[in-house]
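# Observations on the model geometry
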Amino acid sequence: SAPYIQEQGGTSAYSGVPIKFRHALSQIVVTAKVADEYTGATFKINSISLQGMNDNATLTVTENASWGTASSNATSFAIFSGTSNALTTGAASVGTPVLVIPQALVDNQQKLVISYSMTYNNVTASTSKNVYLNSGTNDALTVLAMGKKYTLNLTLYADRILYSPSVAEDWSTGGSDYDVPEQQP
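### Focus on the overall build of the protein
The helix and strand inventory of the protein stands at 0 helices and 15 strands. Residue burial in the protein is summarised as follows: out of 185 residues, 31% are buried. A fraction of 66% describes how many contacts in the protein between residues 6 or more apart in sequence connect residues 24 or more apart. As presented, the protein carries roughly 11000 Å² of accessible surface, and 49% of it is formed by carbon and sulfur atoms.

### Looking at the side chain of Ser26
Residue position: Ser26 is located in strand S3 (residues 26-34). Judged by relative accessible area, Ser26 falls into the buried class, the value being 0%. Here the side chain of Ser26 touches Ala145 through a polar contact of 2.7 Å, landing on its backbone oxygen.

### Quick notes on the side chain of Gln103
With respect to the element layout, Gln103 can be found in strand S10 (residues 103-104). A polar atom in the side chain of Gln103 sits 2.8 Å from the backbone nitrogen of Asn54. Apart from the residues lying within four places of it in its own chain, the contact partners of Gln103 are Met53, Asn54, Ala70, Gln110, Val143 and Leu144.

### Observations regarding the pattern of salt bridges
Taken as a whole and assessed by the stated rule, the structure comprises 1 salt bridge. Asp159 serves as the salt-bridge partner of Arg160, at 3.3 Å between the closest nitrogen and oxygen. Residue classification places Arg160 among the partly exposed positions, given a relative accessible area of 42%.

### Here's the deal with the sheet that holds strand S12 (residues 123-132)
Taken together, 4 strands build an open sheet; the order of strands is S7-S4-S11-S12 and the sheet is antiparallel. The two strands at the open ends of the sheet, each matched to only one other strand, are strand S7 (75-81) and S12. Each strand axis lies, on average, 15° off the axis of its neighbour in the sheet, ignoring direction. Bridge count between strand S4 (residues 41-53) and S7: 5 bridges; the pairing is antiparallel. When the sheet's bridge partners are listed, Met53 is paired in S7 with Thr75.

### What to know about the packing of aromatic side chains
Counted by the stated rule, this structure contains 1 aromatic pair. Taken together, a centroid distance of 5.5 Å and an interplanar angle of 45° make the contact between Tyr38 and Phe43 tilted. The partly exposed category is assigned to Tyr38, whose relative accessible area is 27%. Exposure remark for Phe43: the relative accessible area of 2% places this residue in the buried category. In this structure, Arg160 is placed above the aromatic ring of Tyr157, and the distance from its NZ or CZ to the ring centre is 4.0 Å.

### Side note on the confidence of the model for the protein
Here the protein averages 81 in pLDDT, while 76% of its residues score no lower than 70. Looking at the elements of the protein, mean pLDDT is at its lowest for strand S1 (residues 5-8), recorded as 52, and at its highest for S4, recorded as 96. Here residues 1-6 is a poorly scored stretch, pLDDT under 50, and it has 13 contacts once near neighbours within four places are set aside; other chains count. A low-confidence stretch, residues 174-185 stays under pLDDT 50, and its non-local contacts, those more than four residues away or across chains, total 20 contacts.

### Describing a nonpolar patch on the surface
On the surface, Leu59, Val61 and Met146 cluster together into a nonpolar patch covering about 250 Å² of accessible area. Tracing the chain through its elements places Met146 in the loop between strand S13 (143-144) and strand S14 (149-156).

### Some words on unusual backbone geometry
For Asn121, which is not glycine, the phi torsion reads 50° and is therefore positive. As for its placement among the helices and strands, Asn121 is situated in the loop between strand S11 (111-120) and S12. At Asn122, a position not held by glycine, the phi torsion is positive, near 65°. Tracing the backbone shows Asn122 in the loop between S11 and S12.

Reading guide: rules and limits
- Every chain is numbered on its own, with residues counted from 1 as its sequence reads.
- Since the coordinates come from a predicted model, pLDDT governs what is reported: local features require at least 70, and pairs of side-chain atoms require 80 or more to be given and counted, while whole-chain, interface and lining totals use all residues.
- With hydrogens and water stripped out, all remaining heavy atoms of the structure feed into the side-chain values.
- By the criteria applied, helices consist of DSSP H or I runs no shorter than four residues and strands consist of E runs no shorter than two, each listed in order from the N terminus.
- When accessible area is computed with a 1.4 Å probe and restricted to protein chains, residues below 20% of their type maximum are described as buried, those above 50% as exposed, and intermediate ones as partly exposed.
- Between two residues, a contact is recorded if the distance between any of their heavy atoms is within 4.5 Å.
- Throughout, the Shrake-Rupley method with a 1.4 Å probe supplies accessible areas, and for residues the shown protein chains are the sole cover considered.
- Within 3.5 Å is the distance limit for a polar contact, defined as a pair of N or O atoms, with the added protein rule that one can donate a hydrogen and the other accept it, and that residues adjacent in sequence qualify only through two side-chain atoms.
- By definition, a salt bridge exists where a carboxyl oxygen of Asp or Glu is found within 4 Å of a side-chain nitrogen of Lys or Arg.
- Here, strands pair whenever DSSP counts at least two bridges between them.
- Axis lines are fitted to C-alpha atoms, over the contacting stretch for helices. Their N-to-C directions set the angle, which ranges from 0 to 180 degrees.
- A pair of Phe, Tyr and Trp rings is counted when the ring centres sit within 6.5 Å of each other, with Trp represented by its six-membered ring. The angle between the planes then sorts it: under 30 degrees is stacked, over 60 is edge-to-face, the rest tilted.
- The criterion is that NZ of a Lys, or CZ of an Arg, lies within 6 Å of the ring centre and within 35 degrees of the ring normal, and then a charge sits over that ring.
- By definition, pLDDT measures how confident the predictor is in each residue, and it falls between 0 and 100.
- Exposure above 30% relative accessible area and the lack of any salt bridge qualify a residue for a patch; like charges then connect within 9 Å, and the nonpolar side chains Val, Leu, Ile, Met, Phe, Trp and Tyr within 5 Å.

Shown next as structure tokens:
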């Protein structure tokens, strides 16, 4: 019999120890949309990377797990590479969620590097923009906290990118979910 479920006369009864699961890392998801329906213009994302992230810290596992101060390694995470579908005025997830250690966000350090193209009258122009995580139109992010999901919302205009972060207390809310990889025995 399994330690968590016990069959009793055709019904299941819980016989295990309750465990409250909390994520030790921060999750980052990126969404993108265009600001308006630009007649005859098509916007596509070519790549998104998350740069300037710290990638080394010690996790102390106790009743209230906590991370030590992150080291200042400038690690880069590839979120998306290729050519996205044409963006619409409805936000859509772009790329894959990434997991990072919780850390303070430093002015002009942690950033999304977004490469995108706009096609108009069969002419395509490509550009790259930096979007710093500690800026935006909403309250600026100053820290990535343990167990929280950060959706970084991008709105592309003909001449700029507007960035607006949103934070969810639980990874199951606020955008796409991250599937925890199966661990090998």
